[in-house]
Structure formats: structure tokens, C-alpha cells
Amino acid sequence: MSLWDGVKIAVLLFVAAVAQVSVFSQIDVFGAAPDLLLVTLVAVSLLRGSVAGACGGFFAGLVVDTGTLGTLGLTSLVLTLAGFWIGRYGETTGRDRAHAPYLSIAVVTVLYEFGLLVVHFVLGESAPAGAVFASLLPAVILNLVVTGPVYAIVRRLLRPQAPAELSAEVQLLG
Amino acid sequence: MALVLVSLTLLTISFRSPTSGALHDLQGAGSTVLRPFQIAASRVAQPFRDAYDYFDGLATAKSENAKLRSEVEFWRSEALLNAVAARQEKAIARELHYRAGATFPNGYRAVTARVISSSASPFARTLVITAGSAEGIRNRAPVVSGDGLVGLVSNVYSQTAVVRLLTDTQSVVPAVDVQTNASGVVRQGSAGGLILDEVNKQLAVKAGNQLVTQGTIDPNYPDLYPFGIPIGRVTHAHATDTSSFLVVELQPYANLSSLQAVSVLVATKKHRK
């Protein structure tokens with residue numbers, strides 16, 4: 001990954017994080033809101049791998065926690081893990097598979113919500129499992145709706161890497 | 001792994017001192033840096049939001065107009081009766097040398113601020129506003145909009161503040177029913193909506209009744225909210241055999257999902273404890 005790619009990823013995630021905390025979080029459809037930041041992070045992770053995903057998740061989480069003045073490090077922790085995990089999925093399977101972004105979003109939305117629930121519970125804060133379960137299906141559907149256009153934009157900005165540039169540590173299965 | 005450790009360290013420090021310390025100040029400074037970007041994003045989204053509100057308003061305008069006309073007739077007669085009662089109340093209070101506590105909006109000045117971000121996840125329902133300790137805002141100050149109670153300031157930085165919304169799981173507001181004088185606490189119910197809890201089953205609370213903040217009952221334990229801030233309207237009230245209290249559901253007056261600006265009530269010196 002080049003330095004220019006890093007700059008583009010940072011700007012992309014910064015814009016997505018600001019839009020998420022300022023605009024998208026106010027949308028309420030059956031108790032859920034589309035998570036533009038998570039979708040953007042998944043797209044970046046699929047296209048640039050686990051290291052970029054983890055770093056991007058950490059950076060984007062810091063922006064969110066600063067923007068919402070929430071507990072610093074909480075969103076970073078969950079997004080770092082999400083970015084890393086999706087990056088590994090992208091590295092170990094054919095990232096050009098058409099269903100990869102949609103499958104990743106569906107799975108990571110559920111895991112992200114559960115991750116937040118667990119962290120809040122461990123911290124002794126309010127962890128309303130019922131409300132999380134109730135908003136899970138609308139959240140997955142809304143995120144899937146925005147996945148198509150967001151992935152197309154991110155793919156346009158970050159051209160898919162050549163096979164030689166992919167991580168050498170993993171064996172390609174797809 | 002290193003990033004996870006850094007996240008955990010930040011999380012630990014931030015969790016242990018959420019309202020003070022170097023990290024708190026650093027986060028406040030970061031929020032000030034982010035503020036122009038957040039305001040710009042809100043402004044870009046504003047025309048789309050306005051267009052949605054316009055078409056949404058058109059769809060409901062006719063039925064809402066008829067409903068409002070009937071309400072105006074009712075409130076006109078109520079206002080007349082209230083004006084007479086208020087004049088009598090003033091005279092009686094003077095005669096009895098009655099000492100009233102803080103009452104909304106007397107004894108408070110409003111600091112109006114723009115909403116720059118919001119969190120509406122099931123874990124926390126909060127807003128970040130563009131005013132902080134520099135404008136005189138203190139922790140636990142009540143926050144209102146033009147329609148009614150919004151919540152409470154839960155964290156203050158120099159240029160920004162966090163507002164915990166009425167619908168947050170940690171929010172508890174002592175309230176009273178204006179029509180029946182039934183008192184209880186407004187909080188989030190198990191189904192996710194707002195309820196008036198701890199209301200005696202014998203009281204005849206009905207749908208349509210209005211709820212306001214209860215204010216201080218015992219001067220030794222002053223309430224965070226002054227008496228009389230409109231909270232919402234009862235939508236459903238019924239008693240069940242299994243519950244100890246009346247089940248009262250309510251709809252807040254303030255539209256908490258699309259707030260553009262709010263006013264923080266800062267107590268004037270006379271009413272400060």
C-alpha cells in the first residue's frame with residue numbers, strides 16, 4: 001500500500017465519520033440508522049487488506065469518539081477488530097467476488113452491534129440487549145442498501161491491488 | 001494488536017475520568033477542531049432534510065390542520081380560565097407569604113446552541129452542542145427546545161457540551177400530570193418508548209393528559225429540573241393485575257430525532273444552590 005493510498009483512505013474515512021456523526025445518525029428507520037462509516041471501512045478493508053482495515057478502523061473510531069464526545073477508545077476498539085477481520089476475509093478469498101461486500105456488511109453489522117453490546121456490558125454501562133436485537137434487522141437492511149454505491153465509490157478511488165501486492169502470509173482459496 | 005492495546009488504554013483512561021483530566025481536555029480540543037467539519041456536513045445535508053420535511057408536511061397537512069383547529073378552540077377557553085386563576089393565585093400567594101422554588105422559565109437564562117452531532121444508538125442517546133463552559137453551561141443543566149424538555153447536560157467541555165436525551169436509558173425525570181396531579185418518573189420503558197413510572201394505580205391518568213417536570217419537593221434534595229417544563233402527552237394508560245403501578249406511555253413534545261438547536265437553562269445566581 002502506497003503513501004498516497006494511505007492519504008486517500010484517511011480522507012475517505014474522515015469524511016465518512018463526520019457524515020455519520022453529523023447527518024446519518026439522525027436518520028431513524030424502525031429504530032436503526034444506516035452506518036456509512038462501517039460500510040466505508042468494510043469497502044476499504046476488502047480492497048486494501050487487514051493492516052489498512054485495522055489502522056483505518058482505529059483512526060475512524062477516534063474521530064467518532066471525539067465527534068460524539070463519547071468514551072474515547074470504545075468505537076476504536078470495535079472498528080479496529082472489524083477492519084482487521086474483514087481485511088483478512090478480503091485477503092483470504094477472492095476480493096473481486098460480487099457478493100463479498102454484501103456478505104461482509106451483513107456479518108460485520110451483526111458482529112459490530114454485539115461487540116458494542118459486550119464492551120458496554122463489561123464497562124457496567126447501559127447494555128439494552130432487547131433494543132439491540134430489535135434494531136438489528138433494520139440496521140443490516142439499511143447498511144446493505146448503501147453498500148452498493150459506497151463500495152463502487154471506494155473501489156473507484158482505491159484501485160484493486162494486483163495479486164503480487166496481496167499479503168504473502170495467506171494462501172488464496174478462491 | 002498494538003492498536004487494540006492503545007484502544008484499551010484510551011478506553012480505560014477515558015472511562016475512569018469521564019469529566020476531567022488531560023484526556024478529557026484533549027478530547028474537548030479535538031471536538032473543537034472537528035466542529036467546522038460537522039457544521040459543514042450539517043449544512044450540506046440541510047436542503048435534503050428540508051425537502052423531506054416539506055413533502056412529509058404536505059402529506060399530513062390536511063388532517064393536522066383540522067386537528068389543530070379543534071385544539072385552538074379548546075386552548076383558547078383554557079387560556080381564559082388560566083388567566084383568571086393566575087391572577088387569583090398571585091393575590092393568594094402574596095397574602096400567605098408563599099415562597100416558591102425555581103419555576104421554569106423564571107430564574108434561568110437560556111443559552112441557545114446548535115446541534116453538531118448526535119448518537120442515537122441503543123446504548124446512548126446523546127447530542128453534542130456548540131456551547132460549553134465558556135458560555136456558563138454547567139454539568140446537569142436542563143436542556144429544552146421550543147416544544148419541551150430535551151434532556152440534561154451530561155459532560156461539559158470549554159466550547160462544547162454533551163446532552164443526554166430524555167430517551168436515553170440512564171435518563172430519569174420526576175414528572176407530574178397537570179390534570180390529575182399524579183406524580184412519577186419519566187424514563188425509557190422496556191419496549192423502548194417513554195413511560196411515566198411509579199404512578200399509583202388508583203389515579204385516573206388518561207390519554208391526552210399533559211406531563212411537566214415536578215421540580216423540587218424537598219429543599220434538602222433539590223431536583224435537577226425546575227417545575228413546569230413541558231415533557232409530553234400521555235398516549236396510553238392502563239392498569240394490569242401483574243404490575244404494581246399504572247402503565248403510562250407518553251409521547252414527548254420535543255422531536256428528539258431531528259433537533260437542529262436547543263437551549264440550555266443556566267440558573268441565575270438567585271436560584272443557584
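K.L.:
In this structure, what is going on with the overall build of chain A? I would like to understand it.
P.N.:
From N to C terminus, chain A includes five helices and zero strands. When the helices and strands of chain A are placed in sequence order, the string is α-α-α-α-α. If you line up chain A on its principal axes, its C-alpha atoms span 45 × 30 × 30 Å. The 174 residues of chain A split such that 53% are buried.

K.L.:
What's the story with the overall build of chain B in this structure? I'm lost.
P.N.:
When helices and strands are tallied, chain B shows two helices and 12 strands. Walking chain B from its N terminus toward its C terminus, one meets helices and strands in the order α-α-β-β-β-β-β-β-β-β-β-β-β-β. Structurally, chain B occupies a C-alpha span of about 65 × 50 × 40 Å along its principal axes. Evaluated residue by residue, chain B yields a buried proportion of 34% over its 273 residues.

K.L.:
Sorry if this is basic, but what is going on with the sheet that holds strand S9 (residues 210–213) of chain B here?
P.N.:
Pairing between sheet strands relies on hydrogen bonds along the backbone, with the strands arranged either parallel or antiparallel. Residue and element names in this part refer to chain B. Here six strands make up a closed barrel; going around it, the order is S6-S7-S8-S11-S10-S9 and the pairing antiparallel. Each neighbouring strand pair of the sheet contributes to a mean axis angle of 40°, computed without reference to strand direction. Sheet topology places strand S8 (residues 194–197) next to strand S11 (residues 247–252); three bridges connect them, and they run antiparallel. For Ile195, the partnering residue across the bridge sits in S11 and is Glu249.

K.L.:
I keep staring at the sheet that holds strand S1 (residues 108–120) of chain B and nothing clicks. Help me out?
P.N.:
Residues and elements named next belong to chain B. Read once around its circumference, the closed barrel built from six strands follows the order S1-S2-S5-S4-S3-S12, with strand pairing classed as antiparallel. In this sheet, neighbouring strand axes are inclined to one another by 45° on average, regardless of whether the strands run parallel or antiparallel. Along the sheet, helix H2 (residues 22–96) contacts S1 and strand S2 (125–129); its crossing angle with S1, the most-contacted strand, is approximately 80°.

K.L.:
What is the right way to read helix H4 (residues 100–122) of chain A from this model?
P.N.:
Since one α-helical turn is 3.6 residues long, residues separated by three or four positions face the same way. Residue and element names in this part refer to chain A. Between its first and last C-alpha atoms H4 spans 32 Å; for 23 residues at 1.5 Å apiece the expected length is 33 Å, and the two agree. When we look at burial in H4, the residues that qualify are Pro101, Ser104, Ile105, Val108, Thr109, Tyr112, Glu113, Val119 and His120. The inward-facing, buried residues of H4 contact helix H2 (36–67), helix H3 (74–92) and helix H5 (129–157). Immediately beyond the C-terminal end of H4, within one or two residues, lies Gly124, with a positive phi of roughly 80°.

K.L.:
I'm lost on the interface of chain A and chain B in this one. Help?
P.N.:
Accessible area lost when the parts come together is the quantity often used to give the size of an interface. With 36 residues of chain A at the interface, the matching set in chain B holds 38 residues. For the side of chain A that touches chain B, the elements supplying multiple residues, two or more each, are helix H1 (3–22), H2, H3, H4 and H5 of chain A. Looking at the side of chain A that touches chain B, its residues break down into 20 nonpolar, 15 polar and one charged.

K.L.:
Can you walk me through the environment of A:Leu38 in this structure?
P.N.:
Residue and element names in this part refer to chain A. On the secondary structure map, Leu38 appears in helix H2. Here Leu38 falls in the buried class, since 28 other C-beta atoms lie within 10 Å of it. Beyond its immediate chain neighbours, meaning those up to four positions away, Leu38 contacts Val108, Thr109, Tyr112 and Asn143.

K.L.:
Where do I start with the environment of A:Val64 in this structure?
P.N.:
Residue and element names in this part refer to chain A. With respect to the element layout, Val64 can be found in helix H2. Classification of Val64 as buried rests on a count of 24 C-beta atoms within 10 Å. The contact partners of Val64, leaving out residues within four places of it in the chain, are Ala17, Gln20, Val21, Leu37 and Thr75.

K.L.:
What's the story with the pairing of S1(B) in this structure? I'm lost.
P.N.:
Where a strand is regular, its side chains alternate between the two sheet faces. Residues and elements named next belong to chain B. With seven bridges connecting them, S1 and strand S12 (residues 261–267) associate as antiparallel partners. Bridge pairing links Val111 to Val264 in S12. Taken together, S1 and the strand that follows it, S2, pair antiparallel across an intervening segment of four residues.

K.L.:
Help me understand H1(A), please; the structure alone is not making it clear to me.
P.N.:
Its 20 residues place the ends of H1(A) 28 Å apart at the C-alpha level, agreeing with the 28 Å of an ideal helix rising 1.5 Å per residue. On its buried face, H1(A) is in contact with H2 and H5 of chain A together with H2 and S1 of chain B.

K.L.:
Which parts of the structure should I look at to understand the pairing of S11(B)?
P.N.:
Residues and elements named next belong to chain B. Residues Val248, Leu250 and Pro252 line the buried face of S11, whereas the alternating positions Val247, Glu249 and Gln251 sit on a face that is not buried. Pairing analysis gives six bridges linking strand S10 (residues 230–238) to S11, with the strands arranged antiparallel. Counterpart to Gly232 in the pairing with S11 is Pro252.

K.L.:
What exactly am I supposed to notice about the packing of H3(A) against H4(A) here?
P.N.:
In a packed pair of helices, the relevant descriptors are the angle between the two axes and the axis-to-axis distance. Residues and elements named next belong to chain A. Two numbers describe how H3 lies on H4: the axes approach to 10 Å, and their chain directions differ by 150°. As judged from the angle between their axes, H3 and H4 are roughly antiparallel. Here H3 runs over H4; the crossing is right-handed. Residue-level contacts link Leu74, Leu77, Val78, Leu81, Ala82, Ile86 and Tyr89 of H3 to Ser104, Val108, Leu111, Tyr112, Gly115, Leu116 and Val119 of H4.

K.L.:
Help me out: how do you make sense of the confidence of the model for chain B in this one?
P.N.:
Where the model shows low pLDDT, its predicted coordinates should not be examined in detail. A residue-level look at chain B finds 96% of positions with pLDDT of 70 or above and a mean pLDDT of 85. Model confidence for the complex is summarised by a pTM of 0.75, with the ipTM given as 0.75.

K.L.:
Please explain unusual backbone geometry as it appears in this structure.
P.N.:
Leaving glycine out, the prevailing phi sign among residues is negative, and the prevailing peptide bond configuration is trans. Residues and elements named next belong to chain B. Of note, Arg140 is a non-glycine position whose phi angle comes to about 70°, a positive value. In this structure Arg140 comes out as exposed when scored by C-beta crowding, with 11 C-beta atoms within 10 Å. Backbone geometry places Asn181, a non-glycine residue, at a positive phi of 65°. Assignment of secondary structure puts Asn181 in the loop between strand S6 (173–177) and strand S7 (183–188).

Thresholds applied
Residues numbered from 1 in each chain as written. Chains lettered and ligands numbered in written order. Predicted model: local features only at pLDDT ≥ 70, side-chain atom pairs only at ≥ 80, totals over all residues. Helix = DSSP H or I, 4+ residues; strand = E, 2+ residues; numbered from the N terminus. Buried ≥ 20, exposed ≤ 12 C-beta atoms within 10 Å, placed from the backbone. Pairing = 2+ DSSP bridges. Axes fitted to C-alpha atoms, helices over the stretch in contact; angles between N-to-C directions. Contact = placed C-beta atoms within 7 Å. Expected span 1.5 Å × (residues − 1). Nonpolar A, V, L, I, M, F, W, Y, C, P; charged D, E, K, R; others polar. Parallel < 35°, antiparallel > 145°, perpendicular 65-115°, else oblique. Left-handed = near helix turned anticlockwise from the far one by under 90°. pLDDT = per-residue confidence, 0-100.

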